[in-house]
Amino acid sequence: MADKILEMHHISKTFGGTHALKGINFELKAGEIHALLGENGAGKSTLIKILGGIHKPDKGEIIIDGKIADIDNVQSAQSYGIGIIHQEIVLVPYLSVADNIFLGREPVTKWGFKDKKQIYSRAQEMVVQLGLNIDVNTLVGELTVAQQQLVEIVKAISFNVKILVMDEPTSSLSDEEVNHLFHTMEKLREKNVGIIYISHRLEELFKMSDRITVIRDGNYVGTKQTSETNSEDLVAMMVGRELESFYTRTYSVQDQEVLKVENLSCDNVFEDISFTVHKGEILGFSGLMGAGRSELMQTIFGASPYDRGRIYLNGEEVFFKNCSQAIEQGIAMVPEDRKGQGLVLENSVGFNITLSNLKRLMKNKLLVSEKKRKNQINKYVSDLSIKTASSEIEVSSLSGGNQQKVVIAKWLATKPRLLILDEPTRGVDVGAKSEIYSIINQLANDGMAIIMVSSDLPEIINMCDSVCVMRNGKLVAQLSQSELSQENIMRYATGG
Amino acid sequence: MNIRANNAFTTMFRNNAGIIFVLLILCIVLSIVSPVFLTADNLITVLRQVSNNVFLALGMTLIMILGGIDLSVGATVAVSGTLTVGFIVNNGMPIPVAIMLGIVIGTLIGFFNGVIIAQFKLPAFIVTLATMNVAQGIAYIYSGGRSARITNSAYTQIGTGKLFGFFPLPVLYMTILIIIFIILLNKTRFGTNIYAIGGNREAARLSGVPSKKVEITVYTIAGLLAALAGIVLSARMYSGQPSVGQGYEMDAIAACVLGGVSMAGGRGRISGTIFGVMIIGVVSNGLNLLGVSSFWQLLVKGLIILSAVLIDAQKGRKLPFLMKISK
């Protein structure tokens, strides 16, 4: 034990004008599980991509087994025994488990045909070695996501990996599946594989890891023995400042109800949901992934249907057939997936800001007024201090935080009474996060009703006036400000 | 005002620099090898010849920015031309009524495409491939495969008439349509919505863009344009021919792609498409002037389409590269 199999020294990387990494240090011992922790955008993915041969570092050296390694591309990373399990599954769904494991390096018979027998027997052997119960003849597409992830691990192991990177492997798994994954990781540890483990779930890190390295904004913050640290320390290291100054929230809840939801149900998605949001209130929604929070918000916004229940807006019952009806009634929603749902990436900042609000910017029935359009764009670029070279450049060239501000600007332009924010700070850097919090606070103070769905517990605790916790499609608790704590929320969210 | 117009022109040149360069080279080469090319007569002929493709390419541009494709426009040209002429010659309908009917039929084909594609979320390629066959079939069934001649000058004037004695009417229609479509795409909500849907359908839906309505409208417009093209063409040819229009959809698609309209949707401009049409038109005209056989012309046109797709692929490649930088 205790041999260093990997050392990364002073790794730096610049993309265009932005420093993605500034002198990162990282080391891994054989049989160790070393967690890499940092907020979205901190540089974890870039570091992993450098290790995997997808990017080349500008500065710094990588030492594997005591020798300087020159990782040029994905193949050379593999030859150094580095295996990466990405967040997204990269298997071919229409091929069997065994075929996937040997894809691109199938053993052949002396006639040059694929040696099916050997493929299946060797695949079976590997699966059994890791104590898994998967039939290697099954098509990958027929497996659950968790099983597919395990196949990815088997595939990585089949390359004789010594260094295995796992990028948020548990983000879409159930508790039981997570336990199974951990069991497999223990097996790998026994085989002296070093594991780099990336996860946002602190409790997992405390359970599984030996050491934790924190990076923030591309900087190396520090490495701690897991047994000698606690979650407060880690969060402080990740965020890099006292939490008090980070969040802005002045209480502003008024009496007037804006949204009232009664017994809302959508079969197999969410059930019997009732809650109320008032003017000036920030109501949080917490829960694990798949608890039905985003689906509920989509329903309120008219983007997906429901089976039973009632929705009242300003005391009047509403029935939205689509989003534009909801928008007309003063509802706005910043969706969960900024790139997939929030922005038209190839179009300009201005295009995106005005997309939902063109009706108000018309010169006459037919034509859009260029002047009104420009005025509106300029107003929001300056109000939300969106950092962009020009409002006519592609929105994809902006940083995550500024992209999110563009989405928020688009919705503020519709002058909503109710603003739904689904994971408003996901993938947003720390500085922009703080700015977004103060914008949200200002909006609530100005009398907007706000629903904030978030998996970021400190954020939801510090920003919300009360928090609804969902589990398996049910609203299991509504916690008031005084009852809010990470432990309390997690207890309801997990049912523990 | 002057400065803004100036700006619009410089942006147009910058956006289409590559294709304008190619067009210039083509024109220079042709004016050297053929003494006829650079005469006013010939240039007007080129404009008249491309006008038909402009009708179709305008609609195709909208559809492709939306992320779709329409293979049925060529067949719609045949249907509307054949039926309109047939209604006049065989059924003795008054000319305006026959024209209205022809337009309605073509528009309905587009509307039908749009409804099926938007409502049932089917791939545009296969839906319009099917309607292409249906439309072609209708043209053949109605005409029995024979073309109908028409000599009534009130009708043929639509295609052969000249403004001030030298400016062909089809070129006038084309000019008007180009202006309408530039305004439609750049200055209206409808145009913005097309870009939004093609760029990110889900984001458009969640932004309140009425995607289905826009999609159906766009296909309907393409059908309408194809019908107009069919009527103008039949008037110019003094006949309604059921076999006309085959491959026209491909010329329109090629023009769009040459002009920088993305096959994946979300990107494209009317100005680019027009330059694309001009390149195809100038090449055909040049080959004609040089006396190249129509068999060879096909081959050359094929190579142009291939190069167009290559250009499009290069543009697509730039994207992931940019995304890496922005991270």
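Just so it is clear, the model here is predicted, and its values are computed rather than measured.

This part covers the overall build of chain B. When its secondary structure is counted, chain B shows 14 helices and four strands. Against the 2.2 N^0.38 benchmark of 20 Å for 327 residues, chain B shows a C-alpha radius of gyration of 20 Å, consistent with a compact globule. On the principal axes, the C-alpha backbone points of chain B span a range of 65 × 55 × 45 Å. Of all intrachain contacts in chain B linking residues separated by at least 6 positions in sequence, the fraction that spans at least 24 positions is 79%.

Turning next to the overall build of chain A. Along its length, chain A carries 18 helices and 20 strands. Expressed along its principal axes, the backbone C-alpha trace of chain A runs to roughly 75 × 50 × 50 Å. When the 496 residues of chain A are sorted by exposure, 42% land in the buried category. Partitioning the intrachain contacts of chain A with sequence separation of at least 6 by distance along the chain shows that 68% fall at a separation of at least 24.

This paragraph deals with helix 7 (residues 153–160) of chain B. Residues and elements named next belong to chain B. Within the span of helix 7, buried status applies to Tyr155, Ile158 and Gly159. Seen from one end, helix 7 has its buried residues packed into an arc of 85°, which puts them on one side. In helix 7, the exposed residues that point more than 90 degrees away from the buried face are Ser153, Ala154 and Gln157. Residues of helix 7 that are buried make contact with helix 4 (73–89), helix 5 (95–120), helix 8 (169–187) and helix 11 (211–237).

A few words now on the pairing of strand 19 (residues 466–471) of chain A. All names here are of chain A. Relative to strand 19, strand 13 (residues 282–287) runs parallel, the two sharing five bridges. The residue of strand 19 that forms the bridge with glycine 284 is valine 467. Across six bridges, the pairing between strand 19 and strand 20 (residues 474–480) is antiparallel. Each bridged residue has a counterpart across the sheet, and for valine 469 the counterpart in strand 20 is alanine 477. Between the antiparallel neighbours strand 19 and strand 20 lie two residues, among them asparagine 472 with a positive phi of about 45°.

With that settled, consider helix 4 of chain B. Between its first and last C-alpha, helix 4 of chain B extends 24 Å over 17 residues, near the 24 Å set by a 1.5 Å rise per residue. The buried count for helix 4 of chain B comes to 16 of 17 residues, which makes it a mostly enclosed element.

So, on to the nonpolar core. Ile420, Ile450 and Ile451 of chain A together with Leu56, Met60, Ala222 and Leu225 of chain B are the most contacted members of the largest nonpolar core, which totals 167 residues. Of the residues forming this core, the biggest block, 16 residues, is contributed by helix 11 of chain B. Once residues lying within four places of it in the same chain are set aside, the contact partners of isoleucine 451 of chain A are Val277, Leu283, Phe285, Met297, Ile420 and Leu421 of chain A. If you look at the next biggest cluster of nonpolar residues, it comprises 60 residues, including Leu36, Ile84, Val127 and Leu205 of chain A.

Bringing the interface of chain B and chain A into the picture now. In this assembly, 24 residues from chain B lie in contact with 25 residues from chain A. Every element with two or more residues in the side of chain B that touches chain A is listed here: helix 9 (189–199), helix 10 (201–206) and helix 14 (294–326) of chain B.

Before going further, it helps to spend a moment on the environment of leucine 103 of chain A. Residue and element names in this part refer to chain A. With respect to the helices and strands, the residue leucine 103 is situated in the loop between helix 3 (97–101) and helix 4 (116–129). Separated by 95 residues in the primary sequence, leucine 103 and isoleucine 198 have C-alpha atoms spaced 26 Å apart. Ignoring anything within four residues of it in the chain, the contact list for leucine 103 reads Val92 and Leu95.

Our focus in this paragraph is the domain arrangement of chain A. When the domains of chain A are assigned, the result is domain 1 (4–240) and domain 2 (245–494). The C-alpha-based centres of domain 1 of chain A and domain 2 of chain A are spaced at 34 Å.

With that settled, consider the environment of alanine 124 of chain B. All names here are of chain B. Following the sequence through the fold, alanine 124 ends up in helix 6 (residues 124–143). Along the chain, alanine 124 and isoleucine 28 lie 96 residues apart, while their C-alpha atoms are 39 Å from each other. When sequence neighbours within four positions are dropped, the list of residues in contact with alanine 124 reads Gly68, Ile69, Asp70 and Ile117.

Bringing the packing of helix 5 of chain B against helix 11 of chain B into the picture now. Residue and element names in this part refer to chain B. Taken N-terminus to C-terminus, the directions of helix 5 and helix 11 make an angle of 150°; their axes are 7 Å apart at the nearest point. Here helix 5 is positioned roughly antiparallel relative to helix 11, judged by the angle of their axes. Here helix 5 runs over helix 11; the crossing is right-handed. Taken together, the residues of the contact of helix 5 with helix 11 sort by class into 19 nonpolar, ten polar and two charged.

Bringing unusual backbone geometry into the picture now. All names here are of chain A. Although it is not a glycine, asparagine 160 adopts a positive phi angle of roughly 60°. Mapped onto the elements, asparagine 160 comes out in the loop between helix 5 (145–157) and strand 7 (163–167). Of the residues examined, asparagine 160 has 11 C-beta atoms within 10 Å and is grouped as exposed. The phi dihedral of glutamate 423 is positive, around 50°, even though this residue is not glycine. Tracing the sequence through the fold places glutamate 423 in the loop between strand 17 (418–422) and helix 16 (430–445). Given 21 C-beta atoms within 10 Å, glutamate 423 falls into the buried group.

Further remarks concern the confidence of the model for chain B. Residues and elements named next belong to chain B. Mean pLDDT for chain B: 89, with 92% of residues reaching 70 or above. Confidence drops under pLDDT 50 across residues 316–327; counting only partners more than four residues distant or on other chains, this segment forms nine contacts. Model confidence for the complex: the whole-complex pTM is 0.79, and ipTM, which rates the interface, is 0.82.

Residues and elements named next belong to chain A. Most of strand 8 (residues 194–198) sits out of view: five of its five residues are buried. Side chains of strand 8 alternate between two faces, with Gly194, Ile196 and Ile198 and Ile195 and Tyr197 buried alike. Taken together, the four bridges between strand 3 (residues 33–37) and strand 8 define a ladder with parallel strand orientation. Residue pairing for strand 8: alanine 35 is matched across the bridge by tyrosine 197. Judged from the five bridges that link them, strand 7 and strand 8 form a sheet pairing that is parallel. Residue pairing for strand 8: valine 165 is matched across the bridge by isoleucine 196.

What counts, and at which threshold
- Residues numbered from 1 in each chain as written.
- Chains lettered and ligands numbered in written order.
- Predicted model: local features only at pLDDT ≥ 70, side-chain atom pairs only at ≥ 80, totals over all residues.
- Helix = DSSP H or I, 4+ residues; strand = E, 2+ residues; numbered from the N terminus.
- Rg over C-alpha atoms; globule rule 2.2 N^0.38 Å.
- Contact = placed C-beta atoms within 7 Å.
- Buried ≥ 20, exposed ≤ 12 C-beta atoms within 10 Å, placed from the backbone.
- Arc of directions from axis to C-beta.
- Pairing = 2+ DSSP bridges.
- Expected span 1.5 Å × (residues − 1).
- Core = buried A, V, L, I, M, F, W, Y, C linked by C-beta atoms within 7 Å.
- Domains from an automatic or database assignment.
- Axes fitted to C-alpha atoms, helices over the stretch in contact; angles between N-to-C directions.
- Parallel < 35°, antiparallel > 145°, perpendicular 65-115°, else oblique.
- Left-handed = near helix turned anticlockwise from the far one by under 90°.
- Nonpolar A, V, L, I, M, F, W, Y, C, P; charged D, E, K, R; others polar.
- pLDDT = per-residue confidence, 0-100.

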